[in-house]
Every structure is written in structure tokens, then in C-alpha cells.
Amino acid sequence: MAELTPMKKQYLEIKSQHPDCLLFFRLGDFYEMFDDDAKTAAAELNLTLTTRDRNKPPEQRTPMCGVPYHSAEAYIGRLIAKGYKVAICEQVEDPAKAKGLVKRDIIRVVTPGTVIESSMLQDDRNNYIASLYLKGKKAGLCFADVSTGTAHITELTADKIAPAVITELCRYHPSEVLLNPGLLDCREVTAYIKKNMSCSVELVEDERYAPGLVASALEEQFGRDWPQTTGMVAEGLVRFAMAALLEYLHDTQIKGVERLKTVITYNEAQFMRLSQVTRANLELTETLRGRERRFANKGDILHVELVEHGETFLECAAAHCDGQVPSIIGSWGARLRAARKPKGNGESARARRRDGELCACEDGPWSCAKPERGFSRGTRAIKKPARLSGL
């Protein structure tokens, strides 16, 4: 075997830290991929494979392909949409001042649940990453939208815990799920995820749930009084789910994790429990035919008239959400709660809304605004995950 060049040694060393990711390796004005990563990216992105070893025998040639750094975001988005993870390796020193080989390091690992770029996200829905912790007949669940810095948490207790967990997964439909090893014994949940959800799945090692590490992670993120700040029970299971999520974000996002400060605690009893079939047939957030997302078609369940004045739910929402209905309704549609009946005939519908008589989400009367996405970018290296395909 031919001796490796210093740059190829550097590449292989960094690649060994992220074997489950496609490595975007910065070379000048391009992100280059080599070997199997190049073959995969070329096939998925319709790129041309090339090599710099044309004088060598075919078996010794290194396949490579690349994309311009200024347009890499679009290519990364396409790979993420196909379920891949992308590790971005940048030059971390000025090439003009470097002595010898330019230093490079991973600045971020982009996964389906940690996307923050608006160009990779849909305006009409949140992009949730879920963290689940199951123990016996109890479960702690956390659903976070990294792009908005908001997390929804709940704790479940049920004789049949699997259907309760599945119901919450249906509510949020996360693009990535973190599981504790205890969930592997709950075949009903893992089978549902494999069969019905197109999401990336990561198994978090038991060591990550050590009580000392959990308390440290929560204290670092929310302060010493984190139970009061977040609404989490100090001895509850949801703290394990939240801590695992925070550690995963620290592994993939080198900075900006501190922005995840908004924690919303909810109880499943606050909302109607609807099965997956019922949600689909009601066409709450997408049509049965073609699975198109729509919110303004007459006849849809969200087009009903709310009050005697003839305003529809959508018109009512638009009046208090600056017209940014789709991104809000996408979240509400998954967590329906009955609105209170309006009082009196003399008041206008708008005045009653101000008084909180109509409520559509757990955050309070019409308190939802369009999600502000601006999570800081960057990463650290991540641990080797266990894929659901091995279950």
C-alpha cells in the first residue's frame, strides 16, 4: 500500500472520530469527500466522482468528489433529508500563516434533529428532536426544537406505557429520537418507530444517565434551582431525558446550546388523545392524498367557525400572530385542546381573545408567535451511536 500523504492522514484521523457521518473536509473553496463518503455523496447528490491518482492502478485510486463551500448548505440539506448525518470539518487557522499542514477540526455535526438553518427547515412546522427515558411503567419525555430554543417536557405513568409513549410521538412527529437502553425492551415502541416514523434514532449509553452527570448537565444549563426554573420534578424521570438531550447537543453543537432555555411542562391530560389513524383521517395538518400540508382550505377541520361573528380559526389566529399561521398551526394541530366557550353577546370576538376566552395551545391565550430561529452554529465530536437497525 502506498504511503499516505500528511493531508490524507489528517483526513483519516478526523474521519475515525465520526465513522457514522459523511465528512465534509474543507480544502480551499470546496468541501471534499473521499473514499466511501465520496461514493455515497456522489450517488445521493448526483455529483461526478473523480480522483487525483490517475497514474495508479484502479484499486489504489482514491475516489473523491466535492461541493463549493458557499453552496454547501443546500447539499447538506439534501443529505439530511435522506437521513444522513454530516460532520463539517473546517480549517481552524489561517492558511497564509500556517506552518506546514493547515490545522482542521470538526466545527459541527448536522443531524436531522439539530438543523438550525432556515433553508433546511419547513416554515409550516417545527423540527423536533425527542429524548425518551423509559423505566418500568413510567417514562420521561422531552421534545425540543433546537432552532427556536424551546423544549416541551412531560412525564407519563401508565400500566400500558407503550401506547402512551407512542401517542406523544404522534403529537410531535420528531425527526430524530434519542432512546435509553431500557426502551429496547419495549418492542411496541421500537417497532412503531421503525414501521411508522421516518426519523433518525440514536441509542444513548447507560453511562450518560448517571445521576451525577444528569444533575451537572441540568445545573450548567438552567442553574442550581433548575427544578423551579424548568418545572421538572427533582426525582422524576424527565430529568434524565432532558440531560441526555443536552449532552447530545453539546456533542454536536460546539456553541449555542445555552440558548435552549424555554422549557414548557405539560400534562397529557390537558389534550385529547388521538390515535395515528384518527389524526390522519381528520387531516389535522396534512391531507390523506399526497400527504400535502395545508391549513386554509375550506372544509378542513381548522377552517371551522369559532364564534357567531363568522371568524374562522385561521382568521382568528392570523389576527394575533402577524399572519404567520402555518408555522404556528403545525404545532397546534398536533396538540389540540378544547377552547372555552365565549361569554356574552356584546363583546367582540377580538376582545374576548384578549381576555383569554379562546385558547389553542398550552402556552396561554394566543401567546404563540412565529418561531424565531437563530440557534448558534458549531459542534463538538459525538460518541458512536447505536442505530435502530440493530434492534
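What you see is a predicted model, and the numbers here were worked out from it, not measured in a lab. Sequence order as written defines residue numbering, which begins from 1 separately in each chain. pLDDT decides what is reported in this predicted model: residues at 70 or higher carry local features, side-chain atom pairs at 80 or more are listed and counted, and totals for whole chains, interfaces and linings draw on all residues regardless. Processing note: side-chain calculations cover all non-hydrogen atoms of the structure and skip hydrogens and water entirely.

### Some thoughts on the packing of aromatic side chains
Two measures describe an aromatic ring pair: the distance that separates the ring centres and the angle between the ring planes. Note the following rule: Working definition: a ring pair exists when centres of Phe, Tyr or Trp rings (six-membered ring for Trp) sit within 6.5 Å. Plane angles under 30 degrees give stacked, over 60 give edge-to-face, the rest tilted. Comment: elements are numbered from the N terminus, with helices defined as DSSP H or I runs of at least four residues and strands as E runs of at least two. Exposure categories follow from relative accessible area, calculated using a 1.4 Å probe and restricted to protein chains: below 20% of the type maximum is buried, above 50% is exposed, and the middle band is partly exposed. In this scheme, Lys NZ or Arg CZ marks a charge over a ring once it lies within 6 Å of the ring centre and within 35 degrees of the ring normal.
On inspection of all chains with the given rule, the structure shows 9 aromatic pairs. Ring centres of Tyr 11 and Phe 25 lie 5.4 Å apart, and the angle between their planes is 85°; this geometry places the pair in the edge-to-face category. Residue Tyr 11 is found in helix 1 (residues 6-17), and its partner Phe 25 is found in strand 1 (residues 22-27); the two are separated by 14 residues along the sequence. Tyr 11 gets classed as buried once you look at its relative accessible area, which sits at 2%. Arranged with centres 4.7 Å apart and planes meeting at 20°, the rings of Tyr 133 and Phe 240 form a pair that is stacked. Of this pair, Tyr 133 sits in strand 6 (residues 128-135) while Phe 240 sits in helix 8 (residues 238-252), and the two are 107 residues apart along the sequence. With respect to burial, Tyr 133 and Phe 240 carry one shared label: buried. Among the aromatic side chains, those forming a connected cluster through ring pairs are Tyr 128, Phe 143, Tyr 172 and Tyr 266. Over the ring of Tyr 31 we find Arg 26, and its NZ or CZ is 5.7 Å from the ring centre. A cation over a ring is seen here: Arg 26 above Tyr 69, with NZ or CZ 4.2 Å from the ring centre.

### Let's talk about the pattern of salt bridges
Note the threshold: A pair is scored as a salt bridge if a Lys or Arg side-chain nitrogen falls within 4 Å of a carboxyl oxygen belonging to Asp or Glu.
Throughout the structure, instances matching the rule amount to 12 salt bridges. A salt bridge links Lys 85 to Glu 202; the shortest N-O distance between them is 3.5 Å. You can see Lys 85 sitting in the loop between helix 3 (72-81) and strand 4 (86-91) and its partner Glu 202 sitting in strand 10 (residues 200-203), a full 117 residues away along the chain. Under the relative-accessibility criterion, Lys 85 is labelled buried at 1%. Its relative accessible area of 2% is what places Glu 202 among the buried residues. Among the ionic pairs, Arg 171 bridges to Glu 168, the shortest N-O distance being 2.9 Å. Here Arg 171 and its partner Glu 168 are both found in helix 4 (residues 161-172), 3 residues apart, which amounts to about one turn of the helix. For Arg 171, a relative accessible area of 2% gives the class buried. Several salt bridges converge on common partners, so that one network encompasses Asp 20, Lys 85 and Glu 202.

### What to know about the confidence of the model for the protein
Condition: Summary of the metric used: pLDDT quantifies the predictor's per-residue confidence within the range 0 to 100. The contact definition used throughout considers only heavy atoms, calling two residues in contact when any of these lie within 4.5 Å.
For the protein, per-residue confidence averages 77 on the pLDDT scale, and 68% of positions sit at 70 or higher. Throughout residues 305-309 the model reports pLDDT below 50, and contacts reaching past four residues in sequence, or to other chains, amount to 19 contacts. A low-confidence stretch, residues 337-370 (pLDDT under 50), is modelled with 76 contacts involving residues beyond four sequence positions or located in other chains.

### Description of helix 4
Keep this limit in mind: The span one expects for a helix is its residue count, reduced by one, times 1.5 Å.
With 12 residues, helix 4 ought to run about 16 Å at 1.5 Å a step, and its terminal C-alpha atoms sit 17 Å apart, in line with that. For helix 4, a buried count of 11 out of 12 residues is recorded, marking the element as mostly surrounded by other parts of the structure. Residues of helix 4 that are buried: Ile 161, Ala 162, Ala 164, Val 165, Ile 166, Thr 167, Glu 168, Leu 169, Cys 170, Arg 171 and Tyr 172. Residue His 173 follows helix 4 closely and has a positive phi angle near 45°.

### With respect to the nonpolar core
Spelled out, the test is: The term nonpolar core refers to a set of buried residues drawn from Ala, Val, Leu, Ile, Met, Phe, Trp, Tyr and Cys, joined through side-chain atoms within 4.5 Å.
Counting residues in hydrophobic clusters, the biggest one holds 31 residues, and the most contacted among them are Leu 218, Phe 222, Met 232, Met 242 and Leu 245. Going through the elements one at a time, strand 6, strand 7 (138-145), strand 8 (150-157), helix 6 (211-222) and helix 8 are the ones with two or more residues in this core. Setting aside residues no more than four positions away along its own chain, Leu 218 makes contact with Gly 223, Trp 226, Met 232, Arg 239, Met 242, Ala 243 and Leu 246. If you look at the next biggest cluster of nonpolar residues, it comprises 27 residues, including Leu 156, Ile 161, Val 177 and Leu 183.

### Some thoughts on the sheet that holds strand 2 (residues 30-34)
Strand pairing in a sheet relies on backbone hydrogen bonds, with the paired strands running either antiparallel or parallel. Put simply, the test is: At least two bridges found by DSSP between two strands are what make those strands a pair. Axis definition: a line fit to C-alpha positions, over the contact stretch in the case of helices; interaxial angles, taken between N-to-C directions, run 0 to 180 degrees.
Spatial strand order, 3-2-1-4-5: 5 strands in an open sheet with mixed pairing. This sheet does not close on itself; its edge strands, each paired only once, are strand 3 (64-68) and strand 5 (104-110). Ignoring strand direction, the axes of neighbouring strands in this sheet form an average angle of 30°. In this structure, strand 1 lies alongside strand 4, joined through 4 bridges in parallel fashion. In the sheet register, Leu 23 faces strand 4, and the bridge partner there is Ala 87.

### Considerations on unusual backbone geometry
With a phi close to 60°, Asn 46 is a non-glycine residue in the positive phi region. Inspection of the secondary structure puts Asn 46 in the loop between helix 2 (35-45) and strand 3. A relative accessible area of 71% places Asn 46 in the exposed class. We note that His 173 has phi near 45°; this positive angle belongs to a residue other than glycine. With respect to the helices and strands, His 173 occurs in the loop between helix 4 and strand 9 (176-179). Exposure remark for His 173: the relative accessible area of 34% places this residue in the partly exposed category.

### Some details on the side chain of Arg 208
Note the threshold: For this analysis, a polar contact is any N or O atom pair within 3.5 Å, provided that within protein one partner can donate a hydrogen and the other can accept it, and provided that sequence-adjacent residues contribute only side-chain to side-chain pairs.
Note on placement: Arg 208 falls in the loop between strand 10 and helix 6. Only 2.6 Å separates the side chain of Arg 208 from the side chain of Asp 251, close enough to count as a polar contact.

### Structural notes on the sheet that holds strand 10
In spatial order, the strands read 10-9-6-7-8-11; together these 6 strands make up an open sheet with mixed pairing. Of all strands in the sheet, those with a lone pairing partner are strand 10 and strand 11 (262-265), marking the two edges. Put simply, the sheet's adjacent strands are angled 20° from each other on average, direction ignored. Its contacts with the sheet put helix 4 on strand 6, strand 7 and strand 8, and the angle it makes with strand 7 is roughly 10°. Its contacts with the sheet place helix 8 against strand 6, strand 7, strand 8, strand 9, strand 10 and strand 11, and it is angled at close to 35° to strand 7.

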